[in-house]
Amino acid sequence: MKSTNTIKVSDEQLTFKLTKQLYVSANDANRFGMLLAAIRTLKPYLSVVFCRTKHGANKLCRQLNQQGIKTEALHGNLRQNARERTMAQFRDGKIDVLVATDLASRGLDVIGISHVFNYDMPDDPMTYVHRIGRTGRAGAEGVAVSLILGNPYRPVEIIQDATGSKMEELVLTADPVSLSPAEVSNFEDGDEESHSGRERHSGGNRHSSNRRHEEGGEFGRPARHDSSRPSHGRH
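If you're wondering where the values come from, they're calculated on a predicted model, not measured in any experiment.

Digging into the overall build of the chain
Point 1. In terms of regular secondary structure, the chain is built from nine helices and seven strands.
Point 2. Buried positions account for 49% of the 235 residues belonging to the chain.
Point 3. Look at the contacts in the chain between residues 6 or more apart in sequence, and 80% of them connect residues 24 or more apart.
Point 4. Just so you have it, the chain exposes about 11800 Å², and 47% of that area is on carbon and sulfur atoms.

Right, dumping it as structure tokens:
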């Protein structure tokens, strides 16, 4: 991952200075339940939930709708008229949650987004800054919540260095919902939008992308080979 010392932040992304940054410690088994508990705790007006892939976005959209939360997905498979219809419903407040991928959310500028949730953490701090810049706009305060898998100490440290802002743990007042093992497996993703997007960002260098994941994975998820490493304690 890039050194946080070299990060340049655009004027648009400076909106994150008005955004309160929170995190929730989670794992694959309880992540959806933690997201749902965070939504019910914070009671957002309009919110965007970021997923890594369109496959994961569709599944998460269905799960949230099953829990009574009006949700639509925004990803690269949508036709232009479907995208415009979804965005119109979101702007009009007819849906409460927009589940989006990074590629589909570029240029997303909706006044009134009160909360952003990182269901899947991004690969790098700049993408994180872009995501949370969807809230805290036009002088309004916003809230960004990240679901961090495993030990949160290092991801929180990286985010705080990148944004120059403190990140606090969210205290949930709603009980998390449990999923069965079969439902958890439904969130296993890895479709072509995610892979093609990462290759475009890395100039098509698949070896570079693979090496990044071998070294540390997304900075909100433990690397696959980290299970034998000792824990450094909670932040």
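Still more to cover.
Section: the packing of aromatic side chains
Point 1. Applying the stated criterion across every chain yields a total of zero aromatic pairs.
Point 2. Taking the ring centre of Y119 as reference, the NZ or CZ of R31 above it sits at 4.3 Å.

Here's the deal with the sheet that holds strand β2 (residues 47-50)
Point 1. Judged by pairing direction, the sheet is parallel, and its seven strands sit side by side in the order β3-β4-β2-β5-β6-β1-β7 without closing on themselves. Whereas interior strands pair on both sides, the edge strands pair on one side only; in this sheet they are β3 (71-74) and β7 (167-169). Ignoring strand direction, the axes of neighbouring strands in this sheet form an average angle of 25°.
Point 2. Looking at chain direction, β2 and strand β4 (residues 97-100) are connected through four bridges and run parallel. When the sheet's bridge partners are listed, V49 is paired in β4 with V99.
Point 3. On the sheet, helix α2 (residues 54-66) packs against β2, β3 and β4 and is oriented at approximately 175° with respect to β3.

Some points on the packing of helix α5 (residues 125-132) against helix α6 (residues 153-163)
Point 1. Their axes nearest at 10 Å, the elements α5 and α6 cross at an angle of 70°. Accordingly, the angle class assigned to the pair α5 and α6 is roughly perpendicular. Where α5 crosses over α6, the handedness of that crossing is right-handed. When α5 is examined against α6, the residues P125, Y128 and V129 are found in contact with a partner set consisting of I158, I159, A162 and T163.
Point 2. Residue composition of the contact of α5 with α6, grouped by class: six nonpolar, one polar and no charged.

Digging into the confidence of the model for the chain
Point 1. Model confidence for the chain is summarised by a mean pLDDT of 77, while 69% of its residues fall at 70 or above.
Point 2. The least confident element of the chain, judged by mean pLDDT, is helix α9 (residues 206-215) at 37; the most confident is β4 at 97.
Point 3. Residue range residues 1-9 is modelled with pLDDT below 50. Its contacts to residues more than four positions away, or to other chains, number 17 contacts.
Point 4. Contacts of residues 187-217 to residues separated by more than four positions or lying in other chains number 49 contacts, the stretch itself having pLDDT below 50.

A word on the nonpolar core
Point 1. Ranked by internal contacts, the top residues of the largest apolar core, which has 24 residues, are L35, V49, L60, L64, V99, Y119 and V145.
Point 2. For this core, the leading source of residues is helix α1 (residues 31-42), giving six residues.
Point 3. If sequence neighbours within four positions are ignored, V145 has contacts with L22, V24, L42, V116, F117, N118 and L170.
Point 4. Judged by nonpolar contacts, the second largest core, of 14 residues, contains L46, F50, V110 and V116.

Quick notes on the rules
Residues numbered from 1 in each chain as written. Predicted model: local features only at pLDDT ≥ 70, side-chain atom pairs only at ≥ 80, totals over all residues. Heavy atoms only, no water. Helix = DSSP H or I, 4+ residues; strand = E, 2+ residues; numbered from the N terminus. Buried < 20%, exposed > 50% of the residue type's maximum accessible area, 1.4 Å probe, protein only. Contact = heavy atoms within 4.5 Å. Areas by Shrake-Rupley, 256 points an atom, 1.4 Å probe, with all protein chains shown as cover. Phe/Tyr/Trp six-rings, centres within 6.5 Å; stacked < 30°, edge-to-face > 60°. Lys NZ or Arg CZ within 6 Å of the ring centre and 35° of its normal. Pairing = 2+ DSSP bridges. Axes fitted to C-alpha atoms, helices over the stretch in contact; angles between N-to-C directions. Parallel < 35°, antiparallel > 145°, perpendicular 65-115°, else oblique. Left-handed = near helix turned anticlockwise from the far one by under 90°. Nonpolar A, V, L, I, M, F, W, Y, C, P; charged D, E, K, R; others polar. pLDDT = per-residue confidence, 0-100. Core = buried A, V, L, I, M, F, W, Y, C linked by side-chain atoms within 4.5 Å.

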